[in-house]
Amino acid sequence: MKVLQISPWSNCKNRCVFCYERGDIQFSLEERRKNLEDTYNLFTSGEVFNKFDFDGFGVIGGEFFAGQLNGLEDIWFKLIKLLADLLENGKLNSYVLSCVGRSNLSTFSSSSYV
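Residues numbered from 1 in each chain as written. Predicted model: local features only at pLDDT ≥ 70, side-chain atom pairs only at ≥ 80, totals over all residues. Heavy atoms only, no water.

Enquirer: So what's going on with the packing of helix H1 (residues 29-45) against helix H3 (residues 73-88)? Which residues, and what values?
Expert: Contact geometry for H1 and H3: axes closest at 9 Å, N-to-C directions at 20°. With respect to each other, H1 and H3 are oriented roughly parallel. Considering only the axes of H1 and H3, their crossing is left-handed. Across the interface between the two elements, Arg33, Leu36, Glu37, Thr39, Tyr40, Phe43 and Thr44 of H1 pack against Asp74, Ile75, Trp76, Lys78, Leu79, Leu82, Leu83 and Leu86 of H3. Looking at side-chain class alone, the contact of H1 with H3 contains nine nonpolar, two polar and four charged residues. (Axes fitted to C-alpha atoms, helices over the stretch in contact; angles between N-to-C directions. Helix = DSSP H or I, 4+ residues; strand = E, 2+ residues; numbered from the N terminus. Parallel < 35°, antiparallel > 145°, perpendicular 65-115°, else oblique. Left-handed = near helix turned anticlockwise from the far one by under 90°. Contact = heavy atoms within 4.5 Å. Nonpolar A, V, L, I, M, F, W, Y, C, P; charged D, E, K, R; others polar.)

The following block contains the structure:
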């Protein structure tokens with residue numbers, strides 16, 4: 001299984017101590033939207049399949065928490081639907097979904113591997 005990790009943007013505001021994507025610069029809503037649209041376009045154009053050798057994808061990160069997808073739900077779900085369609089059509093055959101985030105004093109995680 002060769003998995004291409006999809007990171008919505010390279011700077012998560014959760015600031016988990018173990019994560020390398022916890023810089024000080026926060027992207028605007030417009031910058032985050034552009035990143036998701038660019039990722040979507042790489043898949044719809046087929047360009048991503050020419051650039052990388054993979055048979056699955058990973059959506060991994062704390063970006064799913066703390067409201068970081070607020071205002072981006074339309075493009076986020078469009079991207080997830082496209083990835084699901086690629087799985088259903090056999091273009092991709094595996095996925096990894098994993099989210100880690102902080103909520104007050106507790107840490108939670110959830111993962112799914114196929």
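Enquirer: I'd like to hear about the nonpolar core, residue by residue, with values.
Expert: By size, the foremost hydrophobic cluster in this structure holds 19 residues, and its most contacted members are Leu36, Phe43 and Leu83. If you list the elements that add at least two residues to this core, you get strand S1 (3-6), H1, strand S2 (56-60) and H3. The biggest single contributor to this core is H3, with six residues. Not counting residues within four places of it along the chain, the set of residues in contact with leucine 36 comprises Pro8, Trp9, Leu72, Ile75, Trp76 and Leu79. (Core = buried A, V, L, I, M, F, W, Y, C linked by side-chain atoms within 4.5 Å. Buried < 20%, exposed > 50% of the residue type's maximum accessible area, 1.4 Å probe, protein only.)

Enquirer: Requested: an account of the side chain of threonine 39, with residues and values cited.
Expert: With respect to the secondary-structure elements, threonine 39 resides in helix H1. A relative accessible area of 17% places threonine 39 in the buried class.

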